[in-house]
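Letter by letter, the chains look like this.
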Amino acid sequence: MDKLKVFLIEDDLVYNSLLENFLQQYGNLDIKVFFNGKTAIKDIKANPDILISDYHLPDVKTDDLIQMYRNLSPLTKILVISKEDKMDIIAKLLKSGADD
């Protein structure tokens, strides 16, 4: 079985490493980490199976990032990690194309 290709975007170095190590426990994942949205956009044609992104990125609005991935890699499952609990932000991200 092929490994699932996972893109992880998190600008915090410690949290990025923590998430990567957590995901590696599942074994059948090919994880590529990014520390900003622009570098993840450059790799969009790699068509990851899963995109996991922090909501607060330093260089790209997350809803714009989601829309780009949704348009150019429509089968990618998109998950957004955030401490935000405001329903309007959650609704906006889901409307942009996030899966969760």
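Before any of the text, the structure's been laid out above.
Calculation rules
- Residues numbered from 1 in each chain as written.
- Predicted model: local features only at pLDDT ≥ 70, side-chain atom pairs only at ≥ 80, totals over all residues.
- Heavy atoms only, no water.
- Core = buried A, V, L, I, M, F, W, Y, C linked by side-chain atoms within 4.5 Å.
- Buried < 20%, exposed > 50% of the residue type's maximum accessible area, 1.4 Å probe, protein only.
- Helix = DSSP H or I, 4+ residues; strand = E, 2+ residues; numbered from the N terminus.
- Phe/Tyr/Trp six-rings, centres within 6.5 Å; stacked < 30°, edge-to-face > 60°.
- Salt bridge = Lys/Arg side-chain N within 4 Å of Asp/Glu carboxyl O.

Chemist: Explain the nonpolar core here, please?
Modeler: Soluble globular proteins tend to bury their nonpolar side chains together. In terms of nonpolar packing, the biggest core is built from 17 residues, with I9, Y69 and L93 touching the most fellow members. Breaking this core down by element, the ones donating at least two residues are β1 (4–9), α3 (62–72), β4 (77–81) and α4 (87–96). At three residues, the largest contribution of residues to this core is made by α3. Core analysis: the next-biggest nonpolar cluster, separate from the first, contains seven residues, V6, L19, L23 and I31 among them.

Chemist: Honestly, the packing of aromatic side chains in this entry has me stumped. Any pointers?
Modeler: For the structure shown, the criterion picks out two aromatic pairs. Where F22 meets Y26, the ring centres are 5.7 Å apart and the plane angle is 75°; that geometry is what we call edge-to-face. A relative accessible area of 42% places F22 in the partly exposed class. Since its relative accessible area comes to 56%, Y26 is described here as exposed.

Chemist: What should I look at first to understand the pattern of salt bridges in this one?
Modeler: Side chains carrying opposite charge are able to pair once their charged atoms draw close together. Under the definition given, this model contains three salt bridges. A salt bridge links R70 to D99; the nearest nitrogen and oxygen atoms lie 3.0 Å apart. With R70 in helix α3 and D99 in the segment after α4, this pair connects stretches of sequence that are 29 residues apart.

In short, geometric facts, not functional conclusions.
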